[in-house]
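For reference, the chains in residue letters:
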Amino acid sequence: MRSLVKSTLAVALVVVLCGTSAAVPPPLEQPIASGQPDVARSATGMIVADEPIAAQAGLEILSRGGNAIDAAVAVAFALAVTHPQAGNLGGGGFMLIRKANGETVFIDYREVAPRAARADMYLDAEGNRLPGASTEGWRAAAVPGTVAGLEFALKNYGTQPWEKVMQPAIRLADKGFPVSPQLADDLIDSAPKLSRFEESRKIFLRGGKFYAPGDTFKQKDLADTLKKIAKGGAREFYQGSIAAQLAAEMKRNGGLITAADLRAYQVKKRAPLVGRFRGYEVITAPPPSSGGVALLEMLNILDPLLPADARANDPATIHIVVESMRRAFADRARYLADADFACVPVETLTAAHYADEVRASINRERASASAKLEMPSVTSCKPSSQVAGREGSNTTHFAVIDSEGNAVANTYTINEYFGSGVTVPGLGFLLNDEMDDFTTRPGAPNVLFNLVQSDANQIEPGKRPLSSMTPTIVTRDGQTVLVLGSPGGARIINSVFLVLLNRLAFGLSLPEAVALPRYHHQWMPDVLFLEKDSFTSAQMDALRSRGHEVRDISEISSSGSGPKHVGQVNAIERDPKTGDLIGVGDARRGGIARTY
């Protein structure tokens, strides 16, 4: 939908941060990327997610006295029922929490490689990748972390009983819910993969009779599994009857995950990364995510380059933003990996002095050549040759703020749409295909996003694959002001980066900041990818004149079926003076904002 952003929208939806007004920019002669975002306002609690029924599950918990962490756990379990494309029990992710008292924590419940995994497990005798081996079927799954991560969050930071926050998900699985047009379409699109596995074909494709919008979707096996988890906690999933059944099916079908792998899984509590930008504190994801490091590096590089009158999506602005992206992604490719297995120079990469060195190589008028880019050396760690990881497009992100000011940014995934395609017989949940996030062949680009990987991200037992997930919370004067994140593989990082710039540097309202067309550069391939039909010919010509090769974002995939958009940012803004909230759901994939 190509509608112009109106100046009245800009005036009406500007939320003043910290009680200080910002100049409202002139109206943007710029199409919105994919229609108007979903916007809600509240003086109490807010949830912004990909799916309205799951968001309502969280609101149910908030309205009954739960806090943001209680609601987040309820939303995550509900998404495993209503949004099986990405919501999951069989995947993993990251949760960033900032409590009203200022305490912050990053909960890493990323999947891990099974003990039997090895670096060459997806290659043939000649060292070539086996088609589909790391993306479909039982051997594509890493040890899931979601159930353990959600329990850890609730036990340590929630207020409600485990059984209570799981009740909405159990009810939705048991009684059913109306299939949305999006779910119906996604099931049809993914039918070739799902149909290869008997249990998935039975549950998600009804044995060949596709679900239509409005049909009731009941999942009895999943409901039974959720009931067992509600009664026995995460222990039931990792050591009880669920674990035994999962391990038995793995063995029967040639998978790698064993009962010992499940028993050994551990949630990691990590310190979030913290940076500063234009008077704001940016709290974000540490390794094994590459997102937070790259985000802070880009903000540091760009800050002094932006003139006071810089306008979002002006070609001159896009040029220097892209040059910061190029350099941060080059460092991502040199240094980022699971810090429990590799030396990652986080302090240096996120330091102001390092950004000063990097910035010196940027030409304000001319694009750099990625192949000839000279980056400062970092002596504290040996760089890897070409490191990268990814999540598939069907990661999902949601944001929660409660009336007390507790905030949660949660991003979790099963990688591709419907993960590996495998539904565990009798248990009702899909397994991830996160093993594809590891290096399967050093130096070769992956199929989906053309990211190059190497031995720094190679498969090792117990290792967590490098991620781009970037749940982020922004504060000022000790108060939470923004909570945001996105799905979208490597595009996650730039999606969060651009929305932060639009809001904090360019003075756009949060709805405008989310709706504005986005672009993406990841160092290699040396291409500036734009959202389709969202930039004018004049903008694209001006970028080409500066030396940028411009393509549609769908061309990022060598498979020919790339993404339509650059991420999907779901965000909440809170005025620290009044506590009033504005939630914005990105229209790119039907994000919704809900309150009570």
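Since we're looking at a predicted model, the values are computed, not measured.

Undergrad: Where do I start with the overall build of the protein in this structure?
TA: Looking only at helices and strands, the protein has 19 helices and 19 strands in total. Counting the 596 residues in the protein, one finds 64% classified as buried. Sequence-distant contacts, at least 24 apart, represent 74% of the contacts inside the protein between residues at least 6 apart. Summing over all exposed atoms, the protein offers an accessible surface of approximately 20100 Å²; the carbon and sulfur share of this is 49%.

Undergrad: What should I look at first to understand the pattern of salt bridges in this one?
TA: A side chain with one charge may pair with a side chain of the opposite charge, provided their charged atoms come close. Tallied over the entire structure, the rule returns 33 salt bridges. One salt bridge in this structure joins Arg 118 and Asp 120, with 3.0 Å as the shortest N-O distance. By relative accessible area, Asp 120 is classed as partly exposed at 43%. Between Asp 526 and Arg 326 there is a salt bridge whose closest N-O contact spans 2.7 Å. Placement of the pair is Asp 526 in the loop between strand 14 (519–520) and strand 15 (528–530) and Arg 326 in helix 14 (residues 315–335), with a sequence separation of 200 residues. By relative accessible area, Asp 526 is classed as partly exposed at 28%. For Arg 326, a relative accessible area of 1% puts it in the buried group. The network of salt bridges with shared partners includes Asp 108, Lys 268, Arg 270, Asp 340 and Arg 464.

Undergrad: Honestly, the sheet that holds strand 12 (residues 472–476) in this entry has me stumped. Any pointers?
TA: Strand pairing within a sheet occurs via backbone hydrogen bonds; the two strands may be parallel or antiparallel. A sheet is described by the order of its strands in space; here seven strands give the open sequence 1-18-17-13-12-9-8, paired in antiparallel fashion. Taken across any chain shown, the strands that pair with only one partner, and hence form the sheet edges, are strand 1 (38–42) and strand 8 (273–277). Adjacent strand axes in the sheet meet at a mean angle of 20° when their direction is disregarded. In this structure, strand 1 lies alongside strand 18 (residues 581–585), joined through five bridges in antiparallel fashion. Its bridge partner lying in strand 18, Ser 42 is registered against Leu 581.

Undergrad: Could you clarify how one ought to interpret helix 11 (residues 241–252) in this entry?
TA: Residues separated by three or four positions in an α-helix point in the same direction, a consequence of the helix having 3.6 residues per turn. Here helix 11 contains twelve residues, and its C-alpha end-to-end distance of 16 Å stays within 8% of the 16 Å for a straight helix at 1.5 Å per residue. Residues of helix 11 that are buried: Ile 242, Ala 243, Leu 246, Ala 247, Glu 249 and Met 250. Seen along its axis, helix 11 keeps its buried residues to an arc of 165°; they face one direction. Among the exposed residues of helix 11, those oriented more than 90 degrees off its buried face are Lys 251 and Arg 252. Against the buried residues of helix 11 lie helix 9 (220–232), helix 10 (234–238) and helix 12 (259–264). Gly 254 sits one or two positions beyond helix 11 and adopts a positive phi of about 80°.

Undergrad: How do you make sense of the side chain of Asn 457 when you look at a structure like this?
TA: Its location among the elements puts Asn 457 in the loop between strand 11 (407–413) and strand 12. Taking relative accessible area as the criterion, Asn 457 reaches 0% and is therefore assigned buried. A polar side-chain atom of Asn 457 sits 2.8 Å from the main-chain carbonyl oxygen of Asp 437. Here Leu 466 takes part through its backbone nitrogen, which lies 3.3 Å from a polar atom of the side chain of Asn 457.

Undergrad: I keep staring at the confidence of the model for the protein and nothing clicks. Help me out?
TA: Interpreting fine coordinate detail is not advised for predicted regions of low pLDDT. Residues of the protein with pLDDT of at least 70 account for 89%, and the chain-wide mean is 90. When the criterion is pLDDT under 50, residues 1–29 qualifies, and its contacts beyond four places in sequence or with other chains add up to 63 contacts. Predicted confidence for residues 385–390 stays below pLDDT 50, and this span has 41 contacts to residues more than four positions away or in other chains.

Undergrad: I tried to follow the nonpolar core on my own but got confused; where do I start?
TA: The nonpolar side chains of a soluble globular protein tend to be buried, and buried together. In this structure, Leu 89 and Leu 226 are the most contacted members of the largest nonpolar core, which totals 86 residues. At 13 residues, the largest contribution of residues to this core is made by helix 3 (residues 68–82). With residues near it in sequence (within four places) discarded, Leu 89 still touches Phe 77, Ala 80, Pro 144, Thr 146, Val 147, Leu 222, Thr 225, Leu 226, Ile 229, Phe 237 and Phe 429. Core analysis: the second largest hydrophobic core is formed by 69 residues, Leu 373, Val 378, Val 514 and Val 584 among them.

Undergrad: Please explain unusual backbone geometry as it appears in this structure.
TA: Among all residues except glycine, the phi angle is most often negative; among peptide bonds, the trans geometry is most common. A cis amide bond links Pro 287 to the next residue, Pro 288, at an omega of 20°. Along the chain, Pro 288 turns up in the loop between strand 9 (280–284) and helix 13 (291–302). For the peptide bond that leads from Met 524 to Pro 525, omega is 0°, which places it in the cis range. Its place among the elements puts Pro 525 in the loop between strand 14 and strand 15. Backbone geometry places Arg 278, a non-glycine residue, at a positive phi of 50°. With a phi angle near 60°, Asp 533 is a residue other than glycine that sits in the positive phi range. In this structure, Asp 533 sits in the loop between strand 15 and helix 19 (537–545).

Undergrad: Help me understand the side chain of Asn 502 in this model?
TA: The residue Asn 502 is located in helix 17 (residues 491–505) in this model. Relative accessible area serves as the criterion here: at 4%, Asn 502 is assigned to the buried category. Apart from the residues lying within four places of it in its own chain, the contact partners of Asn 502 are Ala 312, Gly 507, Leu 508, Ala 513 and Leu 516.

Analysis parameters
Residues numbered from 1 in each chain as written. Predicted model: local features only at pLDDT ≥ 70, side-chain atom pairs only at ≥ 80, totals over all residues. Heavy atoms only, no water. Helix = DSSP H or I, 4+ residues; strand = E, 2+ residues; numbered from the N terminus. Buried < 20%, exposed > 50% of the residue type's maximum accessible area, 1.4 Å probe, protein only. Contact = heavy atoms within 4.5 Å. Areas by Shrake-Rupley, 256 points an atom, 1.4 Å probe, with all protein chains shown as cover. Salt bridge = Lys/Arg side-chain N within 4 Å of Asp/Glu carboxyl O. Pairing = 2+ DSSP bridges. Axes fitted to C-alpha atoms, helices over the stretch in contact; angles between N-to-C directions. Expected span 1.5 Å × (residues − 1). Arc of directions from axis to C-beta. Polar contact = N/O pair within 3.5 Å; in protein donor to acceptor, adjacent residues only side chain to side chain. pLDDT = per-residue confidence, 0-100. Core = buried A, V, L, I, M, F, W, Y, C linked by side-chain atoms within 4.5 Å.

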